[in-house]
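Secondary and tertiary structure notes
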Amino acid sequence: MSLNLVPFVSVDKMMKLVLHIGIERVLMDLAAEIEADFRRWPQFDKTPRVASHSDVGVIELMPTSDGTTYGFKYVNGHPSNLRRGLQTVTAFGLLADVATGYPLLLSEMTILTALRTAATSAMAARHLAPKDARVMAMIGNGAQAEFQALAFKAICGIEEVRLYDIDPDATDKCARNLAGSGLKITRCKSREDAILGAQILTTCTADKNYATILNDNMVGAGVHINAIGGDCPGKTELAPAILHRSSIFVEYPPQTRIEGEIQQLAADHPVTELWQVITGETAGRTSASQITLFDSVGFAIEDFSALRYVHGKLAATGLYDNLDMIADPDDPRDLFGMILRAAA
Ligand SMILES: NC(=O)c1ccc[n+]([C@@H]2O[C@H](COP(=O)([O-])OP(=O)(O)OC[C@H]3O[C@@H](n4cnc5c(N)ncnc54)[C@H](O)[C@@H]3O)[C@@H](O)[C@H]2O)c1
């Protein structure tokens, strides 16, 4: 393949790729890829994502490199988009060869972000949640919800998902999409109803606010909390008292301290880095009564792993197009002369 032609995975090709492989298989594969990259965490360039905030949302760039391959994601978060018929989160991303700087892949990442977020959550829960957890509360039934539910089924063995959203249409949509998945789906009328009997509590709401999706009295001993929606300054989902009772696990502390639930705590409040649990350097869950909290904000290495996974599927599936994205003058210094080719 010519280096000026960059493989591009469109939304259409991504949908076909996911269906071709099977969504639960993709979620399991991604969890394995992300876990493998978390194991070699020190090899990566790491930086908190570069965020441009406005009154209504945020646009972020998420770069990382392992010294051989570079990747970045462009992603937005606009809770008010829903009222305009637009998505809260959209994304695309790129992989490049560190040796030449030439791009290797450009891909849609709106679908891929939902997949990698769910895979990361379930991978974290496999290390932190009670081993016998079979019931998950799913509060917030928007774009991410079905992906979360299926990842917890495939990776953690969850059998029942208890759905709640302030908008019953969202719950209906989610229940419809999960019908036939093998999960028992229970529609709930309140947050309190949703958490009944659940060993895993997932919060996945979108509001540019210090929201209280879980109150302190809703969180009993021994549960695992998978907090997805609080991922921006001024945007959280948990009552601070819950954080004081929990063992808190994060992706990259310098980013999570700004964006995660822990922005509500003192800057030196102890947290554990998830990668150290995965390598065995630090303990995860140590007792049955412990409350574990994965304070997820989404980190660049997860996107890197996901992009590399997609890149690895191109040759066998052919599910990409070639983009004429990089100039290719016959003489590398004759960029100007190359323009004249268009006149021929
Ligand atoms: N941590 C990560 O890696 C990561 C990745 C992707 C998205 N997110 C975040 O997850 C959140 C959800 O994303 P999405 O794409 O599903 O958004 P979405 O807008 O599609 O869905 C959000 C849902 O939350 C519901 N909701 C809002 N307030 C609620 C409340 N008080 N109680 C119950 N439900 C409520 C809405 O009705 C909506 O159905 C967003 O905040 C997004 O920024 C985090």
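First, a word on scope: everything that follows refers to the structure included in this document. (Residues numbered from 1 in each chain as written. Predicted model: local features only at pLDDT ≥ 70, side-chain atom pairs only at ≥ 80, totals over all residues.)

Summing up its helical and strand segments, the chain has 11 helices and 17 strands in all. Taken over the C-alpha trace, the chain has a radius of gyration of 21 Å; the compact-globule value for 344 residues is 20 Å, and the two agree within 12%. Expressed along its principal axes, the backbone C-alpha trace of the chain runs to roughly 70 × 45 × 40 Å. Residue burial in the chain is summarised as follows: out of 344 residues, 44% are buried. In the chain, the proportion of contacts linking residues at least 24 apart, taken out of those at least 6 apart, comes to 72%. (Helix = DSSP H or I, 4+ residues; strand = E, 2+ residues; numbered from the N terminus. Rg over C-alpha atoms; globule rule 2.2 N^0.38 Å. Buried ≥ 20, exposed ≤ 12 C-beta atoms within 10 Å, placed from the backbone. Contact = placed C-beta atoms within 7 Å.)

Counting buried residues in strand β8 (residues 160-164) gives 4 out of 5 residues, a clear majority hidden from the surface. One ladder, built from 5 bridges, connects strand β7 (residues 135-139) with β8; its direction is parallel. Bridge pairing in β8 links A137 to R162. Between β7 and its parallel partner β8, the chain crosses via helix α4 (residues 145-156), and the hand of that crossover is right-handed. At this point the chain moves from β8, through helix α5 (residues 168-178), to the parallel strand β9 (residues 184-187), and the crossover so formed is right-handed. (Pairing = 2+ DSSP bridges. Right-handed = clockwise from strand over helix to strand, strands pointing away.)

The next thing to look at is α5. Every buried residue of α5 is listed here: T171, C174 and L178. The arc enclosing the buried residues of α5, seen along the axis, measures out at 65°, which places them on a common side. Exposed positions of α5 whose direction lies more than 90 degrees from the buried face are D169 and R176. The positive-phi residue at the C-terminal boundary of α5 is G180, with phi of around 85°. (Arc of directions from axis to C-beta.)

With that out of the way, let us pick up the environment of D324. Here D324 is to be found in strand β17 (residues 321-324). Residue class for D324 comes out exposed when judged on the 10 C-beta atoms lying within 10 Å of it. Leaving out residues up to four positions away in the same chain, D324 has contacts with N4 and L5.

Our next topic: the site of the ligand. Close to the ligand lie 28 residues, the nearest being T88, G142, A143, A170 and G298. Among the secondary structure elements, those contributing two or more residues to the shell around the ligand are α3 (110-128) and β11 (210-214). Residues lining the shell around the ligand come from more than one domain, with at least three contributed by each of domain 1 (5-111 + 301-343) and domain 2 (118-298). (Near = placed C-beta within 6 Å. Domains from an automatic or database assignment.)

On the basis of which strands lie adjacent, the open sheet formed by 8 strands has the order β9-β8-β7-β10-β12-β16-β14-β15 and parallel pairing. Pairing within the sheet leaves two strands with one partner each, and these edge strands are β9 and β15 (272-273). Taken strand by strand, α3 contacts β10 (200-203), β12 (224-227), β14 (246-250) and β16 (291-295), and its axis lies near 155° from that of β16. Sitting on the sheet, α4 is in contact with β7, β8 and β10, with an inclination near 170° to β7. (Axes fitted to C-alpha atoms, helices over the stretch in contact; angles between N-to-C directions.)

Keep in mind that these numbers describe shape and distance, not what the molecule does.
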